[in-house]
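# Summary of the model geometry
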Amino acid sequence: MKDDIRNSPYRRHRNDVEDGIHGYEDDDDESSSPFDILRTKSAPVDRLRRWRQAALVLNASRRFRYTLDLKKEEERRQLIAKIRTHAQVIRAAFLFQAAASGQGLSAPGSSKLPKSSTPTGDFGVSSDDLVSMCKENDISFLQQNGGVKGLAEKLKSNPEDGIPGDENDIMERKSGFGSNTYPRKKGKSFLSFVWDACRDTTLIILMVAAAASLALGIKTEGIKEGWYDGGSIALAVFIVIFFTAVSDYKQSLQFQNLNEEKQNIQMEVVRCGRRLKVSIFEIVVGDIIPLKIGDQVPADGVVVSGHSLSIDESSMTGESKIVHKDPVRAPFLMSGCKVADGYGTMLVTSVGINTEWGLLMASISEDNGEETPLQVRLNGVATFIGTAGLAVAVIVLVVLAIRLFTGHARNPDGSVQFVAGRTSVGDAINSFIRIFTVAVTIVVVAVPEGLPLAVTLTLAYSMKKMMADKALVRRLSACETMGSATTICSDKTGTLTLNQMTVVEAHVCGKKVHQDDKSAFSHRVLSLLIEGIAQNTTGSVFLSEGGSLEISGSPTEKAILQWGISLGMNFTDVRSQSVILHAFPFNSEKKRGGVAIKRSSSEVYVHWKGAAEIVLACCSGYLDSNDNVVPLDSHKLAYYKKAIEDMASGSLRCVAIAYTMCKREEVPASDEELESWNLPEEDLILLAIVGIKDPCRPGVRDAVHLCTSAGVKVRMVTGDNLQTARAIALECGILESDADATEPNLIEGKTFRNLTEEQRLDVAEKISVMGRSSPNDKLLLVQALRKRGHVVAVTGDGTNDAPALHEADIGLAMGIQGTEVAKESADIIILDDNFSSVVKVVRWGRSVYANIQKFIQFQLTVNVAALIINVVAAVSAGNVPLNAVQLLWVNLIMDTLGALALATEPPTDHLMQRPPVGRREPLITNIMWRNLIIQAIYQVTILLVLNFAGIRILNLQHDSVDHAFLVRNTLIFNAFVFCQVFNEFNARKPDEMNVFKGVTKNHLFMAIVGLEVVLQVMIIFFLGKFATTVRLSWQLWLVSLIIGAISWPLAAIGKLIPVPERNLSDYFRCRRRRRGGQQSEHSDV
């Protein structure tokens, strides 16, 4: 039993928070840096804690807002454990009570607790009774109410047709029994984001300094003039806080909407005799819900009917064991559990907060925080830059303070600022506060607090846009990891093909016939075929409101049911003529499914359906056109094998249908024996082999070609016949020619599985197509590719795909055909099951990385230029050209507005002409260093020239000293801001000459640049007192624009300068290793 659990896809995954198990394959052993975490998926808590402690952070509440809250996560696990323990204690108490009174749980007539006698509304049973029945597993109460059928009648439901489902009926059920929702914690208000923004350490210091400056200014100069210095700093800080809060609030709303979308599961329900898809939140008490392998149980309820129905209850009990369910002995189903095997239907008895799952979900806080590898690395970059900036700020503070108190600091008119014994204490303190605010503001500018947050911003933007491209992101890190993907292991059916299946070829009675020609089928063959098609299926056929036939089920089931209808099958009549004794649901390992049925004549038939060559191997005979069973000799076997091969070569999916009769003594008599009965699967009689056409999706060949040109290898992993897989792969372009269709390019799952681990590592690299693969083969392939250093994306839709989806760097579940188990194990859900959407996800992944690099280049240019200008000016001249208010405005452009403009660039085709982004590739490339250094040198040179010779160059010697000083500094400030505005365009295309390509399509970028220009004009024209600026003449405005605009041709010229392929950081890394090696040699000596 333990082995079954260990090998089950329902076992607790290594990062399952609810189970408290945290395993981790540490890809980062070679790196000692706390910021170098390649894979945050399943990362251990101590590793996550380590990088947080190493980061230089000014505002922890904002910086770590979208990372995993480690404290809350621990509390959440403890709370889940308590709720589970509580549920188990209650059950144990009732079991003990039943045992003490000598009654079994299923003893008829036993009553555990007195039940309410007041029914809910017009229904025949109360809501409290139903809740109590499910929580206590009270079979006696169920029996007292007439079993499942009687309970359904009391709930005005029908086990076959469900509830009426009209609007009034739904509203009545919701008002009486509640809705299938649970209370959720409200999102943070805008004011809470304002408060978070206020908690920035440097902004708090600036506010204190502003208050001190305000008080001293008013005291020394009076309220009319004295409030400007302190007031202007305070106003600038408030503006920074407001913009930051607005940006963060909008971002949180995007995440909130996406989280709601993630939880909105679509379920199939039976209402008014029809199968409908509804949101899980719209399920009501009395609903009849079909369940199949991989589904989530959407509410508490009881089993109406089931065949081999097994439930994984680990999400509620914490124990990884599969529990068998049936309508008599174990009918109760708990919300939140998963269907592990089999199929059946359930009657909903409790919803929402009335279920244990609802209580659990309402009790725990939903922490969707999760750090991404890029976010962690950017914290490292921010820490390094911030530390350098902090050092610069200290130098500026010390130098300016020494110059002030030694009498070397002068006012613009040439007078000494501080003379010992003459200057008042208030003036001296005020002068020092000015110096101190400049130093603190340098820290604000130097520590790029917005850099790690830019990742979250671009991810939030990308996730929203990806929804429009039919991709729902469940895990943030998957967005950026997809940009590093080097290989995609894709399913065939529904992903590379349309999933619109039709039977186009049939081999019956030992010959090929037209699939819809009933006259080619003998009477007995036709009746057995129709019986097998109608009973051995998880699909259904029913009349729509318009009177036409509707078919539900998987695409393969629908195709075969449609074929049955064309042969004259009446689905309802055929099913009513026999009873299902036992079913073996289709299994992706065995590639077949069977059902045992008992006719009214008491004859028992077992019908099988599955992969043609596998079912054929179990057959010993076939029915001919005279209804005789003919032995399957070597000649006929060769005929059928050739037919399968020909159909598979024509890209058809081959399905065989066979049957056998069972003697009465072979059929188990009791229900217990029936449950464990292995249906006979040898000596079957072949009825038909059909070829099902599933055409390739339009555009899939182009999508595969785009991936190949982008350095991403597409591999097809399918359960279909190897020849079918080969034909589709050639059609899609995964295999370029017949010459490629040889082993190991084309391999069978069984062959790959039987290789040694070393052989699998060698072969995995070469595999393009794997046919007849099991989910375990897919898992082995993913593991082998990851060990070879690949970043692997895997698509999957089945329950058994869960381990491979979890193991992969990026798990992609199918939104239409995918089971809930597959979706929960996936990082991204492809909503339209289309391979082209997978390629779009790759584009977005690369876009995330590219946008962050653009922002880094832009921000570092501002950082370097602002720091050098202020340091050089402070050390040499004793004053700084950019004061505190101006630096705060530059910081706003650089952090919040710059991130909004550059981190939201849409992806371009240019991104798919590059190789995948290496996960250890430096964030700052040589191209970025070149662009950054050229722009920084230019800005520093121009502005320092203006600082030291500006008055002479601008011919301001004849103006008053104060006015000339202000004009020069205003021009420096204005030119510096316009340098950043123009440089934002350069940052859009770090490696392309045309920086304006597609700029008009990015409305947000244009709006932000426009806003920056308008606000700059307002500051110069109307806020001179606050920003310590004066109005400039049109000539000086033109000078400012020309200085900024020169950055465009300069950037173009710079792009002509070649850069070495080897990154600069590699040289430093080599030197560190060499030094480390020398130290170890000395220690050995």
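Predicted model, so just to flag it, every value in this text is computed and none were measured. (Residues numbered from 1 in each chain as written. Predicted model: local features only at pLDDT ≥ 70, side-chain atom pairs only at ≥ 80, totals over all residues. Heavy atoms only, no water.)

### Brief notes about the overall build of the protein
Summing up its helical and strand segments, the protein has 40 helices and 26 strands in all. Residues counted as buried form 56% of the 1085 residues belonging to the protein. Of all intrachain contacts in the protein linking residues separated by at least 6 positions in sequence, the fraction that spans at least 24 positions is 73%. Here the protein displays about 45100 Å² of accessible surface, and carbon together with sulfur accounts for 57% of that area. (Helix = DSSP H or I, 4+ residues; strand = E, 2+ residues; numbered from the N terminus. Buried < 20%, exposed > 50% of the residue type's maximum accessible area, 1.4 Å probe, protein only. Contact = heavy atoms within 4.5 Å. Areas by Shrake-Rupley, 256 points an atom, 1.4 Å probe, with all protein chains shown as cover.)

### Topic: the sheet that holds strand β8 (residues 471-473)
Read across the sheet, eight strands follow the order β8-β26-β25-β24-β9-β21-β23-β22 without closing on themselves; strand pairing throughout is mixed. Since the sheet does not close on itself, it has two edges, and those belong to β8 and β22 (746-748), each with one partner. Shown here is a sheet whose adjacent strand axes are inclined to one another by a mean of 20 degrees, direction ignored. Pairing of β22 with strand β23 (residues 769-771), which is carried by three bridges, proceeds in the parallel orientation. (Pairing = 2+ DSSP bridges. Axes fitted to C-alpha atoms, helices over the stretch in contact; angles between N-to-C directions.)

### With respect to the pairing of strand β10 (residues 502-508)
Of all the seven residues making up β10, five are buried; the element is thus mostly covered by neighbouring parts of the structure. The pairing of β10 with strand β20 (residues 684-693) spans six bridges and is classified as antiparallel. For H507, the partnering residue across the bridge sits in β20 and is I689. Pairing analysis gives three bridges linking β10 to strand β11 (residues 511-513), with the strands arranged antiparallel. By the bridge assignment for β11, A506 is matched with V513. The loop that links β10 with its antiparallel partner β11 comprises two residues; one of these, C509, has a positive phi angle of about 55 degrees.

### Digging into the pattern of salt bridges
A full pass over the atoms with the stated rule returns 35 salt bridges. Here K292 and D295 are joined by a salt bridge, their closest N and O atoms 3.6 Å apart. By relative accessible area, K292 is classed as partly exposed at 43%. With a shortest N-O distance of 3.5 Å, R914 and D991 are connected by a salt bridge. Of this pair, R914 sits in the loop between α33 (884-902) and α34 (926-953) while D991 sits in the loop between α35 (961-988) and α36 (1003-1022), placing them 77 residues apart in sequence. (Salt bridge = Lys/Arg side-chain N within 4 Å of Asp/Glu carboxyl O.)

### Quick notes on the nonpolar core
Counting residues in each nonpolar core, the largest one holds 154 residues, and the members touching the most others are I734, I810, I828, F835, I856 and F976. Examining the composition of this core, we find that 20 residues originate from one element, helix α32 (residues 835-877), more than from any other. Setting aside residues up to four positions removed in sequence, F835 forms contacts with I488, S490, T495, L496, R697, V700, A703, V704, C707 and V714. (Core = buried A, V, L, I, M, F, W, Y, C linked by side-chain atoms within 4.5 Å.)

### Some points on the environment of P906
By the element assignment, P906 lies in the loop between α33 and α34. C-alpha of P906 to C-alpha of G998: the two residues are 92 residues apart in sequence and 9.5 Å apart in space.

### A look at helix α23 (residues 634-649)
Between its terminal C-alpha atoms α23 stretches 22 Å, which fits the 22 Å expected from 16 residues at 1.5 Å a residue. Among the residues of α23, K636, Y640, A643, I644, M647 and A648 are the ones counted as buried. Relative to the axis of α23, the buried residues are bounded by an arc of 130 degrees and lie together on one face. Opposite the buried face of α23, at more than 90 degrees from it, the exposed residues are S634, H635 and K641. Each element contacted by the buried residues of α23 is listed here: β10, α22 (612-617), β17 (619-623), β19 (652-662), β20 and α26 (722-732). S651 lies just past α23 and shows a positive phi near 60 degrees. (Expected span 1.5 Å × (residues − 1). Arc of directions from axis to C-beta.)

### Things to note about unusual backbone geometry
Of note, the bond from E743 into P744 is cis; its omega dihedral lies within 30 degrees of zero at 10 degrees. Positive phi, normally seen in glycine, also occurs at N499, with a value near 65 degrees.

### A look at the environment of V880
Among the secondary structure elements, V880 is positioned in the loop between α32 and α33. Taking the C-alpha atoms as reference, V880 lies 9.0 Å from N969; in sequence the two are 89 residues apart.

### Describing the confidence of the model for the protein
Within the protein, residue pLDDT values average 82, and 85% of them lie at 70 or more. Scored below 50 in pLDDT, residues 1-31 shows 76 contacts in the model against residues more than four places distant or in partner chains. In the model, residues 1078-1085 has pLDDT below 50 throughout and makes zero contacts with residues more than four positions away in sequence or in other chains. (pLDDT = per-residue confidence, 0-100.)

### Describing the packing of α34 against α35
Helix-helix packing: each pair is described by the crossing angle between the helix axes and the interaxial distance. Running from amino to carboxyl end, α34 crosses α35 at an angle of 170 degrees, the nearest separation of the two axes being 9 Å. Taken as axis vectors, α34 and α35 run roughly antiparallel relative to one another. Taken together, the residues of α35 that come into contact with α34 (itself represented by Q935, Y938, Q939, L943, L946, N947, G950 and I951) are A964, R968, N969, L971, I972, A975, F976, C979, Q980, N983 and N986. (Parallel < 35°, antiparallel > 145°, perpendicular 65-115°, else oblique.)

### As for helix α28 (residues 757-764)
Of all the residues in α28, the buried ones are R760, V763 and A764. Angular distribution of buried residues about the axis of α28 spans 95 degrees; they occupy a single face of the element.

### A word on the packing of aromatic side chains
Tallying each qualifying case throughout the model produces 21 aromatic pairs. A ring pair is formed by F242 and F243, whose centres lie 6.1 Å apart and whose planes are at 80 degrees; its orientation type is edge-to-face. By relative accessible area, F242 is classed as partly exposed at 47%. Over the face of the ring belonging to F193 we find K188, whose NZ or CZ atom lies 5.0 Å from the ring centre. (Phe/Tyr/Trp six-rings, centres within 6.5 Å; stacked < 30°, edge-to-face > 60°. Lys NZ or Arg CZ within 6 Å of the ring centre and 35° of its normal.)

### Examining the pairing of β20
Here β20 lies mainly inside the structure; nine of its ten residues are buried. Pairing between β17 and β20: three bridges, direction parallel. Of the residues in β20, the one forming a bridge with G621 is I685. As paired strands, β19 and β20 are joined by eight bridges and run antiparallel to one another.

### Some remarks on the side chain of S308
Positionally, S308 belongs in strand β4 (residues 300-312). A distance of 2.6 Å separates a polar atom in the side chain of S308 from the backbone oxygen of A583. Residues in contact with S308, not counting those within four places in the same chain, are H324, D341, G342, H582, A583 and P585. (Polar contact = N/O pair within 3.5 Å; in protein donor to acceptor, adjacent residues only side chain to side chain.)

### Focus: the environment of S126
Here S126 is to be found in the loop between α4 (70-100) and α5 (127-136). Among the residues examined, S126 registers a relative accessible area of 4% and is labelled buried. Sequence separation of S126 and L155 is 29 residues, and the distance between their C-alpha atoms is 9.6 Å. A polar contact of 3.1 Å, which involves the side chain of S126, links it to the backbone nitrogen of D129.

### Topic: the packing of α35 against helix α39 (residues 1047-1054)
It is the contact of α35 with α39, at a shortest axis distance of 9 Å, that shows an interaxial angle of 30 degrees. Of the possible angle classes, the one that applies to α35 and α39 is roughly parallel. In this structure, α35 crosses over α39, and the sense of that crossing is right-handed. On α39, the residues touching F982, N983, F985 and N986 of α35 are S1047, W1048 and A1051. Per-class residue counts for the contact of α35 with α39 are four nonpolar, three polar and no charged. (Left-handed = near helix turned anticlockwise from the far one by under 90°. Nonpolar A, V, L, I, M, F, W, Y, C, P; charged D, E, K, R; others polar.)

### Quick look at the side chain of S484
Position of S484 relative to the elements: it lies in the loop between α18 (476-481) and β9 (487-490). Looking at S484, its side chain comes within polar contact range of the main-chain oxygen of V917, at 2.9 Å. Excluding residues within four positions of it along the chain, S484 makes contact with V791, P916, V917 and R919.

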